[in-house]
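Coordinates in review
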Amino acid sequence: MAASSEPDWTSLPDLVSNLILNKFSEPKEVIRFGTVCKQWYFSTKTYFDMKKNHSHKPIPMLLYPSKGNSVDLYCMIENKIIGTIPFQFSQYGKFCGSSYGFLAFNNENNVITLVNPFKPRSVIQLPPLRIPRVHQYSFGVSKVVLSSDPTKNPEDWKVLVITDGIGKLAYTSPITKVWAFVYTEPCCISDAIFHKGLVYAIATYVEMLRIELGETPIVDVLGENVIEGGVKFLVESSGGDLLLIQKHDNRFEPNFNVYKLLVGQQSVGKVKMNSLEGEAVFVSHHHQSMSISGIKSARDSIWYLTKSLYRGYTLHAFDMKGQNRGLEFPAIFRQLVWIVPPFEFHSHMLEINS
């Protein structure tokens, strides 16, 4: 009878070795790992190089159901699956947001749960949100945005919610533990972002609002009809500028305009940009928009994730030269979201970063 082959522990995949190395709390433990054999030495060196070069933001990747109770992690830049993790979308309710590595879900009782699928114990349940359903199939939440990473600032973060259909703003924090609404009548909010400690929102009728959250929120109207037409998204650039992405639909595909917003004390100006200055911008109706620098193969590009009833999910990659390539995912995918994984999932990106 032939002897069973033993696993080759020296040839660990980069993702596995990075996950192991990230568990060590002391640098000396990492060094000891690297002295085991030649292959582990090079894995340790790659890990340190990744830490050293990780000055840019992590890259958003797509997450979608796989076999069994797991999901695949798909790198949009490299166009391939880089890993599979155990996770079920359906166990928490309706998906309503992706922000700072957390997915947001809302159930039939309007209880929002924040889940980090890469850290099974990172589950945060927020208090029930008392808002009316606007129609039979609506749970009442359109988008969830976080002010910062809850794992890095356990007591100093806020969550902002845009309600479905009626477009109102509500917010809470781990300190207050209760929801408060921002009075913006008669405006309907379509997008909002945390920027330099304040909230900026795209609103009907007045276009742009600036909101200081507190016990009594302060709302400033910054401009009327700043940019007319289209669907608008707010995003903060890597350099800290506030950008407005305007999406228009023509017969075959979307196209985009990009503006840098010049926010004053009581007004907002705009400058149309012909270049994203080397950045890649990611926008979607249910995800927190973000801008990434340092990705050589994705410079000056806008990535837009949308869902069609008949065509399934489509990821549009649009560059500032007017060229567009669509990456289509079949309708069999019940869920497709993007998420920012922990940095150990990015070692394979080192060779394509500038």
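Cut-offs used in this document
Residues numbered from 1 in each chain as written. Predicted model: local features only at pLDDT ≥ 70, side-chain atom pairs only at ≥ 80, totals over all residues. Heavy atoms only, no water. Helix = DSSP H or I, 4+ residues; strand = E, 2+ residues; numbered from the N terminus. Buried < 20%, exposed > 50% of the residue type's maximum accessible area, 1.4 Å probe, protein only. Areas by Shrake-Rupley, 256 points an atom, 1.4 Å probe, with all protein chains shown as cover. Contact = heavy atoms within 4.5 Å. Patch = residues over 30% accessible without salt bridge, like charges linked within 9 Å, V, L, I, M, F, W, Y side chains within 5 Å. Salt bridge = Lys/Arg side-chain N within 4 Å of Asp/Glu carboxyl O. Lys, Arg positive; Asp, Glu negative; His and termini not counted. Charge placed at Lys NZ, Arg CZ, Asp CG, Glu CD. Pairing = 2+ DSSP bridges. Axes fitted to C-alpha atoms, helices over the stretch in contact; angles between N-to-C directions. Arc of directions from axis to C-beta. Polar contact = N/O pair within 3.5 Å; in protein donor to acceptor, adjacent residues only side chain to side chain. Phe/Tyr/Trp six-rings, centres within 6.5 Å; stacked < 30°, edge-to-face > 60°. pLDDT = per-residue confidence, 0-100.

Before going further, it helps to examine the overall build of the protein chain. The secondary structure content of the protein chain amounts to 3 helices and 25 strands. In the protein chain, buried positions account for 50% of the 354 residues. Surface exposure of the protein chain reaches about 18300 Å², of which carbon and sulfur atoms provide 52%.

Attention now moves to the environment of Ser99. For Ser99, the position within the fold is in strand 4 (residues 94–99). Accessibility expressed as a relative area gives 5% for Ser99, which makes it buried. Linking Ser99 and Ser148, residues 49 residues apart in sequence, is a C-alpha distance of 8.4 Å. In contact with Ser99, not counting residues within four places along its chain, are Val144, Val145, Leu146 and Gln288.

Before going further, it helps to examine a positive patch on the surface. Taken together, the side chains of Lys23, Lys119, Arg121 and Lys152 define a basic patch exposed on the protein surface. Position of Arg121 among the secondary structure elements: in the loop between strand 6 (112–115) and strand 7 (123–125).

A few words on the sheet that holds strand 14 (residues 207–212). With antiparallel pairing, the 4 strands of this open sheet are ordered in space as 12-13-14-15. Across the chains shown, the open sheet's two edge strands, defined by having one partner strand only, are strand 12 (189–195) and strand 15 (218–223). Each strand of the sheet is rotated relative to its neighbour by a mean of 25°, with strand direction disregarded. Strand direction decides the pairing type here: strand 13 (residues 198–203) and strand 14, joined by 5 bridges, are antiparallel. Its bridge partner being in strand 14, Ala203 is matched across the sheet by Glu207.

As a further point, take the sheet that holds strand 7. Read from one edge of the open sheet, 4 strands run 4-5-6-7, paired in antiparallel fashion. Two strands in the sheet have a free side with no partner beyond their single neighbour: strand 4 and strand 7. Strand-to-strand twist across the sheet, computed as the mean angle between neighbouring axes with direction ignored, equals 20°. Taken together, the 3 bridges between strand 6 and strand 7 define a ladder with antiparallel strand orientation.

Below, the discussion takes up helix 1 (residues 14–21). Since the α-helix advances by 3.6 residues per turn, residues separated by three or four positions end up pointing in the same direction. Burial in helix 1 covers these residues: Ser17, Asn18 and Leu21. Angular distribution of buried residues about the axis of helix 1 spans 100°; they occupy a single face of the element.

Our focus in this paragraph is the side chain of Thr163. Checked against the element boundaries, Thr163 lands in strand 9 (residues 159–163). There is a polar contact of 2.8 Å between the side chain of Thr163 and the backbone nitrogen of Lys168. For Thr163, the contacting residues outside a window of four places in its chain are Ile131, Gly140, Val141, Ser142, Lys168 and Phe181.

As a further point, take the environment of Gly229. By the element assignment, Gly229 lies in the loop between strand 15 and strand 16 (231–236). For Gly229, a relative accessible area of 39% translates into the label partly exposed. Taking C-alpha positions, Gly229 is 8.7 Å from Lys247, a pair spaced 18 residues apart along the chain. Among residues more than four places away in sequence, those in contact with Gly229 are Gln246 and His248.

Attention now goes to the packing of aromatic side chains. Geometry of an aromatic ring pair is reported as the spacing of the ring centres plus the angle between the planes. By the definition in use, this model includes 13 aromatic pairs. What links up through ring pairs into an aromatic cluster is the set Phe87, Phe89, Tyr92, Phe95 and Phe105.

In this section: the pattern of salt bridges. Evaluated as defined, the whole model comprises 3 salt bridges. The partner of Asp220 in a salt bridge is Arg210, with the nearest N and O atoms 3.5 Å apart. Here the residue Asp220 occupies a position in strand 15, and Arg210 occupies one in strand 14, the gap between them amounting to 10 residues. In this structure Asp220 comes out as partly exposed when scored by relative accessible area, which is 23%.

Mapped onto the elements of the fold, Ser70 is located in strand 2 (residues 70–75). With residues near it in sequence (within four places) discarded, Ser70 still touches Pro65, Thr84, Ile85, Pro86 and Phe87.

Let us now look at the confidence of the model for the protein chain. In this model, the protein chain carries an average pLDDT of 80, and 81% of its residues clear a pLDDT of 70 or more. Across the protein chain, strand 6 holds the top mean pLDDT of 94, while strand 24 (residues 324–329) sits lowest at 67. Every residue in residues 348–354 is under pLDDT 50, and counting partners more than four places away or in other chains gives 24 contacts.

In this section: the pairing of strand 18 (residues 254–263). Taken together, the 8 bridges between strand 17 (residues 242–249) and strand 18 define a ladder with antiparallel strand orientation. Paired with Asp249 across the bridge in strand 18 is Pro254. The pairing of strand 18 with strand 19 (residues 268–273) spans 6 bridges and is classified as antiparallel. Bridging from a neighbouring strand, Val263 pairs with Val268 of strand 19. Here strand 18 folds back onto strand 19, and the loop between the two strands holds 4 residues.

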